[in-house]
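One-letter residues, chain by chain:
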Amino acid sequence: MTGGVPDLTEKAQGNGPDSAWGVGDCGFVVAASRLPVDQVDGPEGQVEWRPSPGGLVSALEPIMRDADGVWIGWSGAAGDPPQPFDVAGMHLVGVGLSADEVRDYYEGFCNATLWPLYHDVIAPPEFHRPWWEAYVRVNRRFAQAAAQQAAIGATVWVHDYQLQLVPGMLREQRSDVRIGMFTHIPFPGYEIFAQLPWRRQIIEGLLGADLLGFQRHGDAANFLRACRRTARLATRGSLVRVPATMSGDARTAVAAQRQAADVSGTGRDVRVGTFPISIDSAAFEKIASRETVRARAKEIRHALGNPRVVLLGIDRLDYTKGILHRLNAYGELLSEGRLTPAEAVLVLVASPSRERVEHYRVLRDEVEVTVGRINGEHAELGNAPIHYLHQTYPREEMAALYLAADVMLVTSLRDGMNLVAKEYVACRRDETGALVLSEFTGAADELGSALLVNPHDIEGLKDAIIRAATISPGEAKRRMRSMRRRVREHDVGHWAETFLDALEQAPAPAVLTESTGQLSGS
Ligand code: G6P
């Protein structure tokens, strides 16, 4: 990273080695690992794209439309990227990954190095130099695509751990753009982060941004500590700590921004803040109020044998989610007779994820053996205590499952946020239902009225499950009402707005005047 005001003028005039990166005409650029679309087969077998119904997309869609925005991402398949295309009013630009890059960058460095490392080494991270080289290469490709799309003075918003080098790489080429970076997953404590052989490059890459957003105060604090310790970039000037009480609402977040540190050590003011992500809660409420969805919820309960209590877990099949801890606690409750298969059913949705990565394969085997063992020991004919579904469902079916469930179990061992917890709350319009929520999720900071658990404490988890299964209607209502207020008022639109406001208030980047190629501003 060069920092400050680098040699952009020279490059923009065509003299620099990277002048081919160019300048585009979009005022707002999103760079995320994935394009916000799913590939489907058209009626004549041709490839078609359907918008994937994520919260991020619904929050950014109106902003993208107003600012002539573009979304840069990977389609999820190896090979050449699709030609740029428009879906639901959004311009999409694909970044291609070769089959080797899918293996080394996506499955390797992203999901077998960074993912386990950033989730407190629940699984051991692997460090391989060719994986790192692929990560650098793919990040450069994303940075280049962003530079080619971004108009002079544009805002570029980079997302998540897959693209941590993009802010620095883009900054080197384009000091005129405003760069925001949001990390959706936890940022680990320094003792863990320090294992990464390329820790200095990661910190430098991130510090190319003007604003760095994290889910929780602890993540932001860990990042600042990593800056001080790893790169020794922040030893100049005075460091101001991220306030412990900072929350994601606009006023406090902005106040905290003002206190943010010059952590870059380059004279450029890099701001660090906490912006807990959320869901499109109005959209979920609306789906949950549809007659068809409500009828489907009844049908689900009926199919389960109309038990007294339906428990539900919905996750990607990932070792961070504490699925085995949940299963063990439930199995013990059945063994001890504190729950019986006649009164309780657990619906366990574990959607397929990263299936070619070794730890995910091992976990799948372990989950399936454990489900089989518990069902084998406790099922009666026509009455299985666990319904295990290794499938992915559309939002309507998810909402019906949320409506059918008396108890929602979120037992992550480490989780940046956990949007499933918020989706459950958003769907419970009648203020019934109980949420058992791991304190190791970002959501626990906001949903203090959930039944909070330490999933490693199996006895505590069992007690919380029984408490949730036998909660009085009055207590359930009190807890659910307060959680619903939080989720309604702090939806994903609020999150995006708060982040982008804070980004706008970051010191102005250098401005490149197109006609002269001269830089002005700071
Ligand atoms: C997490 C990450 C996202 C990622 C998603 C799905 O939520 O924060 O960046 O896209 O998991 O994982 P995948 O590997 O399928 O993209």
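As the structure is a prediction and not an experimental result, all values here were calculated from the model.

Draft legend 1. Representation of the sheet that holds strand S9 (residues 211–214). Within the open sheet, the eight strands sit side by side as S5-S6-S4-S1-S7-S8-S9-S10. Their pairing is mixed. The two strands at the open ends of the sheet, each matched to only one other strand, are strand S5 (85–87) and strand S10 (271–274). When strand polarity is set aside, the average angle formed by the axes of neighbouring strands in this sheet is 25°. Both S9 and S10 contribute to a ladder of four bridges, which runs parallel. Note on S10: the bridge partner recorded for glycine 213 is glycine 273. Helix H4 (residues 129–149) contacts strand S1 (26–34), strand S4 (70–74), strand S6 (90–94) and strand S7 (150–159) of the sheet and is inclined by roughly 160° relative to S4. Here helix H19 (residues 492–505) sits on the sheet in contact with S1, S7, strand S8 (178–182), S9 and S10, set at roughly 140° to S8.

Draft legend 2. Broad picture of helix H10 (residues 281–289). If you check which residues of H10 are buried, you get Ser281, Ala283, Phe284, Glu285, Ile287 and Ala288. Residues of H10 that are buried in the fold lie against helix H11 (291–303), helix H14 (395–404), helix H15 (419–427) and helix H18 (473–489).

Draft legend 3. Structural detail: the nonpolar core. Residues Tyr105, Leu212 and Phe223 are the most contacted members of the largest nonpolar core, which totals 100 residues. When residues are assigned to domains, this core turns out to be shared by domain 1 (12–278 + 495–504) and domain 2 (281–489), each giving three or more. Those residues in contact with leucine 212 that sit more than four places away from it in its chain are Met181, Leu206, Leu207, Phe223, Val270, Arg271, Val272 and Gly273. Grouped together as the second largest cluster of nonpolar side chains are 67 residues, Phe85, Ile314, Val349 and Trp495 included.

Draft legend 4. Broad picture of the sheet that holds strand S12 (residues 344–351). Taken in spatial order, the six strands of this open sheet run S13-S12-S11-S14-S15-S16, and their pairing is parallel. Bordering the open sheet on either side are strand S13 (386–389) and strand S16 (451–453), each of which pairs with just one other strand. Averaged over all neighbouring strand pairs, the angle between strand axes comes to 20°, with direction disregarded. Along the sheet face, helix H13 (residues 358–378) touches strand S11 (309–316), S12 and S13 and points at about 155° away from the line of S13.

Draft legend 5. Structural view of unusual backbone geometry. Positive phi, close to 45°, is recorded for valine 121, a residue that is not glycine. By the element assignment, valine 121 lies in the loop between helix H3 (99–118) and H4. Phi angles above zero are rare outside glycine, and glutamate 431 is one such case at about 60°. Summarising the element assignment, glutamate 431 is placed in the loop between H15 and strand S15 (434–438). By relative accessible area, which is 16% here, glutamate 431 ends up buried.

Draft legend 6. Looking closely at the pattern of salt bridges. Evaluation of the coordinates by the stated rule reveals 36 salt bridges. The salt bridge involving aspartate 104 is made with arginine 103; its shortest N-O contact spans 2.9 Å. Of the residues examined, arginine 103 reaches a relative accessible area of 44% and is grouped as partly exposed. Between arginine 364 and glutamate 368 there is a salt bridge; the shortest N-O distance is 2.9 Å. Of the two residues, arginine 364 and glutamate 368 are both situated in helix H13; the distance of four residues between them amounts to about one turn of the helix. Glutamate 368 gets classed as partly exposed once you look at its relative accessible area, which sits at 29%. Overlapping salt bridges bring together Glu332, Glu336, Arg338, Glu459, Lys462 and Asp463 as one network.

The rules behind the values
- Residues numbered from 1 in each chain as written.
- Predicted model: local features only at pLDDT ≥ 70, side-chain atom pairs only at ≥ 80, totals over all residues.
- Heavy atoms only, no water.
- Pairing = 2+ DSSP bridges.
- Helix = DSSP H or I, 4+ residues; strand = E, 2+ residues; numbered from the N terminus.
- Axes fitted to C-alpha atoms, helices over the stretch in contact; angles between N-to-C directions.
- Contact = heavy atoms within 4.5 Å.
- Buried < 20%, exposed > 50% of the residue type's maximum accessible area, 1.4 Å probe, protein only.
- Core = buried A, V, L, I, M, F, W, Y, C linked by side-chain atoms within 4.5 Å.
- Domains from an automatic or database assignment.
- Salt bridge = Lys/Arg side-chain N within 4 Å of Asp/Glu carboxyl O.

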